[in-house]
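# Tertiary structure, described
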Amino acid sequence: MDKKITIDYSFTFPFINEEKINSYKNDVLKAMDTLENSSGAGNDFLGWKNLPSEMLASKELQQIIQVANEINENADLFICVGIGGSYLGAKAVTEALLHPFYNSLPKNDRNGPKIIFAGQNISGAWLSAVLDEMDKVDSVYVNVISKSGTTTEPGVAFRNIKQKMEKKYGKIESSKRIIATTDAKRGALKTLATNEGYRTFVIADDVGGRFSVLSPVGLLPIAAVGLDITKLLKGAQEASIYGKEKDLVKNPAATYAMVRNILLKEGYHTEILVNYEPVLHYISEWWKQLYGESEGKDGKGIFVASVDFTSDLHSMGQWIQDGQRFIFETVLDIEESNSNLKVVSDKEDLDGLEFLAGKTYSDINKKASQGTLLAHYEGKVPNIIFSIPELNEYYIGQLLYIFEQGCGISGYLLGVNPFDQPGVEAYKKNMFALLNKPGSEKAKQAIEEKMKNLPSGKKTI
């Protein structure tokens, strides 16, 4: 495989220009060196940089594949319990590469068990549906993913799932079916796994959640449904190699970080990730967490959003075309479609679309993307385009790593620590106090006093 993902930023002109790009290159090279030399803020969370090569050379990869094969062969249903980076990476890759209706396919037409996710919200209705699914099948396996084991959403979800597993199989058998991905030595989940005899995989101390898709966090679920994680890692490894290129023309991650930051300086503070294939929806969700949580701090950062075209052209399209001009688009363009389906002929032509008969949907989709690019460009929306040769594990691995590296470089260009998330803790403190967590009595009183002064409940007639 000698193809690479490429980036085209020509559609950011005339909103920016070569002079600005040339004047910014030294800053980009400095940010690259800071990341490469591990000399910047958050340098204790840079384990993701070498994950592709290290995982490919590790015994752990074979252990992951062995457990994944067991799940793949024996499970009817596989449940992943986690939130944020503990589920989004696996969700993104599986949604991108499995059949769009994978869970609805007959067992013989799937490459493995059904896969569902829990613990990514606090919805009782959602978890009830998950528990109901467990009753419908004979064989269930669970992968609970949490560094600490004390995160609220997966923590409370796993309580119910664990109880259900033990009622279904008994404690001894359920312990063989539950795999914990957690800290190597400490934490509530590690203690529970040791006490219950769960098999475990390690979340390394230097790999943050949103950068963990190429670790056991993402690899086990991805492999369990029959996808090739070795191929995924090799794609990421390739991207890590050309991610060291000082010639930015050959380095899509650095170029991406550079152009989006120049656009920010020009007043474009909102980035919309665009796809034209519905299966890429969760790639966008993963990307939003990666960049939103990494850059949105210290009063800085590009606001990240996403759309699924052409569907959202019939909803958000009007705003993007004619709304306020502070947005730019980053487009994921799949060069070669996995489908050759053609539009059938209808001689009555009541819909006036007979001129499309015989054309492939992928060709129509491509022309839609080209037409949209032109319309939005003329509507003064800068566009960055990632060209992805095709949808498979290798190129998805490339894309994930490009975005991860680009995020690190971009964060340093912004002047923030891209590897912490202090703001995420604020809502948790308030929520725990309001739920009467032991020791939070004074905090609860203070919060309740503050809430009295909120505008909630003040209505007009």
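See the structure above.
Presented here is a report on the structure given in the accompanying data block.

Bringing the sheet that holds strand S7 (residues 270-275) into the picture now. Within the open sheet, the five strands sit side by side as S1-S10-S9-S7-S8. Their pairing is mixed. Looking at strand neighbours, the two that pair on one side only are strand S1 (6-8) and strand S8 (303-308), the edges of this open sheet. Sheet twist, expressed as the average angle between the axes of neighbouring strands with direction ignored, equals 20°. Note that S7 and strand S9 (residues 327-336) share six bridges and pair parallel. Residue pairing across strands places Asn275 opposite Leu332, the latter belonging to S9. Against the sheet, helix H11 (residues 252-265) touches S1, S7, S8, S9 and strand S10 (383-390), its axis set at about 160° to S10. With respect to the sheet, helix H14 (residues 361-378) is in contact with S9 and S10, its orientation differing from that of S9 by roughly 160°.

In this section: helix H12 (residues 281-295). Here H12 is 15 residues long and its end C-alpha atoms lie 21 Å apart, about the 21 Å a rise of 1.5 Å per residue gives. Taken together, the buried positions of H12 are occupied by Ile283, Ser284, Trp286, Trp287, Gln289, Leu290, Tyr291, Ser294 and Glu295. Contacts from the buried residues of H12 go to helix H4 (85-97), H11, S7, S8, S9 and helix H15 (393-414).

As enumerated under the stated definition, the model contains 21 aromatic pairs in all. Centroid distance Phe158 to Tyr198: 6.4 Å. Interplanar angle 85°. Geometry classified as edge-to-face. On the criterion of sequence distance, the pair formed by Phe158 in helix H6 (residues 152-169) and Tyr198 in the loop between helix H8 (188-196) and strand S6 (199-202) is long-range, its members being 40 residues apart. Pairing Tyr394 with Tyr395 gives two aromatic rings, centres 5.2 Å apart and planes at 85°, and the pair type is edge-to-face. Between the NZ or CZ atom of Arg177 and the centre of the ring of Tyr169, over which it lies, the distance is 4.2 Å.

Taken as a whole, the largest pocket encloses approximately 890 Å³ of empty space. Lys147, Thr151, Gly209, Gln421 and Lys428 are, among the 32 residues lining the largest pocket, the residues nearest its centre. Partitioning the lining of the largest pocket into residue classes produces 12 nonpolar, 13 polar and seven charged. Taken as a whole, the second largest pocket spans an internal volume of roughly 600 Å³. Lining the second largest pocket are 27 residues, and of these Tyr276, Glu277, Ser337, Ser362 and Asn365 lie nearest its centre.

Here Asn383 is to be found in strand S10. Here Asn383 falls in the buried class, since its relative accessible area comes to 2%. Measuring from C-alpha to C-alpha, the distance between Asn383 and Ala129 comes to 41 Å, with 254 residues separating the pair along the chain. Leave out the neighbours within four places in its chain, and Asn383 touches Asp8, Tyr9, Phe11, Thr12, Glu329, Val331, Leu373 and His376. Polar contacts involving the side chain of Asn383 include one to the side chain of Glu329, which spans 3.2 Å.

Let us now look at the pattern of salt bridges. Enumeration over the complete set of coordinates arrives at 23 salt bridges. Across the salt bridge formed by Glu266 and Lys20, the nearest N and O atoms sit 2.9 Å from each other. With Glu266 in the loop between H11 and S7 and Lys20 in helix H1 (residues 18-36), this pair connects stretches of sequence that are 246 residues apart. Judged by relative accessible area, which is 31%, Lys20 ranks as partly exposed. When the shortest N-O distance is used, the salt bridge between Lys91 and Glu95 registers 3.2 Å.

Here helix H3 (residues 59-74) crosses helix H10 (residues 229-242) at 145°, and the two axes come no closer than 11 Å. Of the residues in H10, those touching H3 at Leu61, Ile64 and Ile65 are Ile229, Thr230 and Leu233. Looking at the contact of H3 with H10, its residues break down into five nonpolar, one polar and no charged.

About the cut-offs
Residues numbered from 1 in each chain as written. Predicted model: local features only at pLDDT ≥ 70, side-chain atom pairs only at ≥ 80, totals over all residues. Heavy atoms only, no water. Pairing = 2+ DSSP bridges. Helix = DSSP H or I, 4+ residues; strand = E, 2+ residues; numbered from the N terminus. Axes fitted to C-alpha atoms, helices over the stretch in contact; angles between N-to-C directions. Contact = heavy atoms within 4.5 Å. Expected span 1.5 Å × (residues − 1). Buried < 20%, exposed > 50% of the residue type's maximum accessible area, 1.4 Å probe, protein only. Phe/Tyr/Trp six-rings, centres within 6.5 Å; stacked < 30°, edge-to-face > 60°. Lys NZ or Arg CZ within 6 Å of the ring centre and 35° of its normal. 1 Å grid on protein atoms, 1.4 Å probe; cavity = no way out; pocket = protein on both sides within 12 Å on 5 of 7 lines; lining within 4 Å. Points joined across faces, edges and corners; volume = space filled by probe spheres on them. Nonpolar A, V, L, I, M, F, W, Y, C, P; charged D, E, K, R; others polar. Polar contact = N/O pair within 3.5 Å; in protein donor to acceptor, adjacent residues only side chain to side chain. Salt bridge = Lys/Arg side-chain N within 4 Å of Asp/Glu carboxyl O.

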